[in-house]
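# Understanding the architecture of this molecule
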Amino acid sequence: MTEQPVPARQVQFEYPDDFRAMWHPYKPEFAAACNALSLGMPYGEPYVIASVRKVIDDLEDPELAARARAYLTQERNHYRQHRRLNTLLTAEMPGLSRIERWLDRSYRWLARKGSREFNVAFAAGFEAVAYSAARWMDRRRNALFRGSDSVPATLFLWHLAEEVEHKSVAHDVGAAVDGKRSRYAAGMITSFTMLVWFIVLGTVAQLWSTRRIFNPLAWIRLVWWAFGFAMEALPTMAITVLKGHHPSDLADPAWLTTWLDQYDAATDTMPLWDAPLAA
């Protein structure tokens, strides 16, 4: 199966001097959940990168090896940009640094204890979960991000758009290295469980820090979003485990896919996403 090459976009994000961790004034609990996700990227994605990089030289298909290297370049820039955001978050909420340490220890433990095959299966499952998140977010982007700070909004949307773009690479690497559906399922379940656990942990920590921990509206929104995401992610994840499934069988989210065309290679920028309240 011939796949499109994965382009490398060295996007840079500059945050305003008055940036605040709760960068969505109308839905601060959504900003908290996104921030919690961001905390894990400088730990989860390096683990995925290392897992795939260790097997690239063993791939017999030179085209797949080239796609894998380009995919790792995208992932490397993702976690670097999230690390810049996380520096601002932990400066405002120092307690989040403890969660970062837990993330670091968790992924280091996985790297030590996991076999080469499991680590690659985790990477493939990690990408399946990210793709599900992109499908969920694409249809709700205006409702979720409207009125937020456009810089972190653009960071998350750009990241998810590139997850759609390279959705098949880790899957194909895993199939070439191992291909056991049971191991792939185990890697994906582990990835999803860790993602959910640390998002919950990071979100609760931020709600406590901002004194919204007992706000009923915050919890109603969070439960509603979690339910909606689960209804998107769990069926998609189940489909990916089926024998003969390939990520290309799934329909890509329309807006995220076309939005990447606006990348400006001369300035390494994406146009800042902005949905004003009147839109």
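For clarity, every value in this text was computed on a predicted model and none was experimentally measured.

## Some details on the overall build of the protein
The helix and strand inventory of the protein stands at nine helices and zero strands. Counting from the amino terminus, the protein carries its helices and strands in the arrangement α-α-α-α-α-α-α-α-α. For the protein, whose C-alpha radius of gyration is 18 Å, the value lies close to the compact-globule estimate of 19 Å for 279 residues. In terms of overall dimensions, the protein has C-alpha extents of about 50 × 40 × 30 Å along its principal axes. Relative to its 279 residues, the protein shows a buried fraction of 55%. The contacts in the protein between residues at least 6 apart in sequence include a share of 84% that link residues at least 24 apart. When the accessible surface of the protein is totalled, it reaches about 13100 Å², and 58% of it is carbon and sulfur. Side chains of the protein give 31 positive and 31 negative charges; the mean places of these two sets differ by 8 Å.

## Some remarks on unusual backbone geometry
Phi is positive for Arg211, which is not a glycine, with a value near 60°. Here Arg211 shows up in the loop between helix H7 (181-209) and helix H8 (216-241). Residue Arg211 is classed as exposed on the basis of its relative accessible area of 77%. Phi at Asp268 is positive, roughly 55°, even though this residue is not glycine. Structurally, Asp268 is set in the segment after helix H9 (254-259).

## Quick look at the pattern of salt bridges
In the structure shown here, the tally under the stated rule is 14 salt bridges. A salt bridge links Glu165 to Arg9; its shortest N-O distance comes to 2.7 Å. In this pair, Glu165 sits in helix H5 (residues 150-165) while Arg9 sits in the segment before helix H1 (28-56), placing the two residues 156 residues apart along the sequence. Ionic pairing is found between Arg212 and Glu29, a salt bridge with its closest N-O pair at 2.7 Å. Of this pair, Arg212 sits in the loop between H7 and H8 while Glu29 sits in helix H1, placing them 183 residues apart in sequence. Exposure class is identical for Arg212 and Glu29. Each is buried.

## Re a nonpolar patch on the surface
On the surface, Val196, Val200, Val204 and Trp219 cluster together to form a nonpolar patch covering roughly 280 Å² of accessible area. A per-element tally of the nonpolar patch places H7 first, with three residues. Here Val200 lies in helix H7. On the basis of relative accessible area, Val200 is assigned to the partly exposed category, the value being 43%.

## A look at the packing of helix H2 (residues 62-92) against helix H3 (residues 96-113)
Any two packed helices are characterised by the angle at which their axes cross and by the distance between the axes. Across the interface, H2 lies against H3 with an axial gap of 8 Å and an inter-helix angle of 135°. The orientation of H2 with respect to H3, classified from their angle, is oblique. For the pair H2 and H3, the contacting residues are Asn86, Leu89 and Thr90 in the first and Leu96, Ser97 and Glu100 in the second. A per-class count over the contact of H2 with H3 returns two nonpolar, three polar and one charged.

## Topic: empty space enclosed by the protein
Summed over all chains, the structure comprises three cavities of 30 Å³ or more. Taken as a whole, the largest cavity spans an internal volume of roughly 110 Å³. Forming the boundary of the largest cavity are 13 residues, of which Gly174, Ala175, Gly179, Lys180 and Tyr184 lie nearest the centre. Every element with two or more residues in the lining of the largest cavity is listed here: helix H4 (116-145), helix H6 (169-177) and H7. Here the lining of the largest cavity is composed, by residue class, of six nonpolar, three polar and four charged.

## Here we look at the packing of aromatic side chains
Evaluation of the coordinates by the stated rule reveals 17 aromatic pairs. A ring pair is formed by Phe30 and Phe145, whose centres lie 5.1 Å apart and whose planes are at 80°; its orientation type is edge-to-face. Within this pair, whereas Phe30 is found in helix H1, its partner Phe145 is found in helix H4, the two being separated by 115 residues in sequence. Overall, the relative accessible area of 4% leaves Phe30 in the buried class. Geometrically, the ring pair formed by Phe145 and Trp273 is edge-to-face, given 5.8 Å between the ring centres and 65° between the ring planes. Here Trp273 lies in the segment after H9 and Phe145 lies in helix H4, a separation of 128 residues in the sequence. Of the two residues, Phe145 and Trp273, neither departs from the other in class, the shared state being buried.

Each value, and the rule that gives it
- Residues numbered from 1 in each chain as written.
- Predicted model: local features only at pLDDT ≥ 70, side-chain atom pairs only at ≥ 80, totals over all residues.
- Heavy atoms only, no water.
- Helix = DSSP H or I, 4+ residues; strand = E, 2+ residues; numbered from the N terminus.
- Rg over C-alpha atoms; globule rule 2.2 N^0.38 Å.
- Buried < 20%, exposed > 50% of the residue type's maximum accessible area, 1.4 Å probe, protein only.
- Contact = heavy atoms within 4.5 Å.
- Areas by Shrake-Rupley, 256 points an atom, 1.4 Å probe, with all protein chains shown as cover.
- Lys, Arg positive; Asp, Glu negative; His and termini not counted.
- Charge placed at Lys NZ, Arg CZ, Asp CG, Glu CD.
- Salt bridge = Lys/Arg side-chain N within 4 Å of Asp/Glu carboxyl O.
- Patch = residues over 30% accessible without salt bridge, like charges linked within 9 Å, V, L, I, M, F, W, Y side chains within 5 Å.
- Axes fitted to C-alpha atoms, helices over the stretch in contact; angles between N-to-C directions.
- Parallel < 35°, antiparallel > 145°, perpendicular 65-115°, else oblique.
- Nonpolar A, V, L, I, M, F, W, Y, C, P; charged D, E, K, R; others polar.
- 1 Å grid on protein atoms, 1.4 Å probe; cavity = no way out; pocket = protein on both sides within 12 Å on 5 of 7 lines; lining within 4 Å.
- Points joined across faces, edges and corners; volume = space filled by probe spheres on them.
- Phe/Tyr/Trp six-rings, centres within 6.5 Å; stacked < 30°, edge-to-face > 60°.

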